[in-house]
Amino acid sequence: MVKNRKKLILVSSPPACGKTYISKKLAENLKHVVYLDKDTLITLSKQIFLVANQEYNRSSEFFEKYIRNEEYDCILDLAFEAIRYEDLVLINAPFTKEVRSASFIKHLEDRCLEHDAELVVVWVNTSVEVCKQRMIMRNSDRDIWKIANWDQYIASRDFSVPTVINNLLIFNNNNDEEFNESMVRIVNELESR
């Protein structure tokens, strides 16, 4: 990484691995950061389901075809607007397909360079069992289908660490000890580069 370059930080993982909590804690501990959460767009997505007379299911073909990619495009456009004014922009969003696509990562790295920034991905590493318990505990309507169809849902998710990213930081998050160690380490790494 180039020292003192602005950074676009993606905090990524499958749902319920602790992304939101970790993203907010990272934002609280970093200096000169803009925090963006793709879940803020869920209100708009729910309206699209309603207007289209579709069941609210963020794992459906309808969501994949008409909503998912637009949410990502929107949050990235917001991030690139923000990076003009601040040193760090942190996006809390799964990016589960994107962090496994070499072409997507290359395109995003090139876009970052246009803004004199670099891409850093923080992958939240959490076991499937811990993920399921957190999903049950958060009791969110976006997870109703996932929990009711757990085997089908989990078969469609990849919990392995992505391999196509140049600047990848692993945030282990299965227990408090892992969380605390990872928080200190990653804040130090982001601020020292």
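Relevant structure appears above.
Residues numbered from 1 in each chain as written. Predicted model: local features only at pLDDT ≥ 70, side-chain atom pairs only at ≥ 80, totals over all residues. Heavy atoms only, no water.

1. Description of the packing of helix α1 (residues 19-29) against helix α9 (residues 176-192)
1) Next: Direction vectors running N to C along α1 and α9 enclose 50°, while the axes themselves pass 10 Å from each other. Taken together, α1 and α9 sit at an angle that is classed as oblique. Regarding α1 and α9, the two cross each other, and that crossing is right-handed. Where α1 approaches α9, its residues Tyr21, Ile22, Lys25, Leu26 and Asn29 are matched on the opposing element by Phe179, Met183, Ile186, Val187 and Glu191. (Axes fitted to C-alpha atoms, helices over the stretch in contact; angles between N-to-C directions. Helix = DSSP H or I, 4+ residues; strand = E, 2+ residues; numbered from the N terminus. Parallel < 35°, antiparallel > 145°, perpendicular 65-115°, else oblique. Left-handed = near helix turned anticlockwise from the far one by under 90°. Contact = heavy atoms within 4.5 Å.)

2. Section: the sheet that holds strand β1 (residues 6-12)
As a general point, the strands of a sheet are linked pairwise by backbone hydrogen bonds and lie either parallel or antiparallel.
1) Next: Pairing is parallel in the open sheet, where five strands are placed in the order β2-β3-β1-β4-β5. If you trace the sheet from one side to the other, it starts and ends with β2 (33-37) and β5 (168-172), each paired once. Adjacent strand axes in the sheet meet at a mean angle of 20° when their direction is disregarded.
2) Next: Pairing of β2 with strand β3 (residues 88-92) involves five bridges; the strand directions are parallel. Following the sheet pairing, Leu36 is matched in β3 by Ile91.
3) Next: Along the sheet, helix α5 (residues 102-114) makes contact with β1 and β4 (117-125), crossing β4 at roughly 135°. (Pairing = 2+ DSSP bridges.)

3. Concerning the nonpolar core
1) Next: If you look at the biggest cluster of nonpolar residues, it comprises 25 residues, and the most contacted ones within it are Ile9, Leu26 and Leu30.
2) Next: Contributing elements (two or more residues each) for this core: β1, α1, β3, β4, α6 (128-138), α8 (150-155), β5 and α9.
3) Next: Considering every element that reaches this core, the biggest residue donor is α9, with five residues.
4) Next: Non-local contacts of Ile9, meaning those with residues more than four positions away in its chain, are made with Leu30, Leu88, Val89, Leu90, Ile91, Val120, Val122 and Leu190. (Core = buried A, V, L, I, M, F, W, Y, C linked by side-chain atoms within 4.5 Å. Buried < 20%, exposed > 50% of the residue type's maximum accessible area, 1.4 Å probe, protein only.)

4. Things to note about the packing of aromatic side chains
1) Next: By the definition in use, this model includes nine aromatic pairs.
2) Next: Judged by centre distance (6.4 Å) and plane angle (40°), the rings of Phe95 and Phe104 are tilted.
3) Next: Look at Phe95 and you get buried, because its relative accessible area is 0%.
4) Next: Judged by relative accessible area, Phe104 falls into the partly exposed class, the value being 21%.
5) Next: Aromatic side chains Trp150 and Tyr153 sit 5.6 Å apart centroid to centroid with 50° between the ring planes, which places their arrangement in the tilted category. Pair noted here: Trp150 and Tyr153 are both in helix α8, with a separation of three residues, about one helical turn. For the residue pair Trp150 and Tyr153, the accessibility class agrees, reading buried in each case. (Phe/Tyr/Trp six-rings, centres within 6.5 Å; stacked < 30°, edge-to-face > 60°.)

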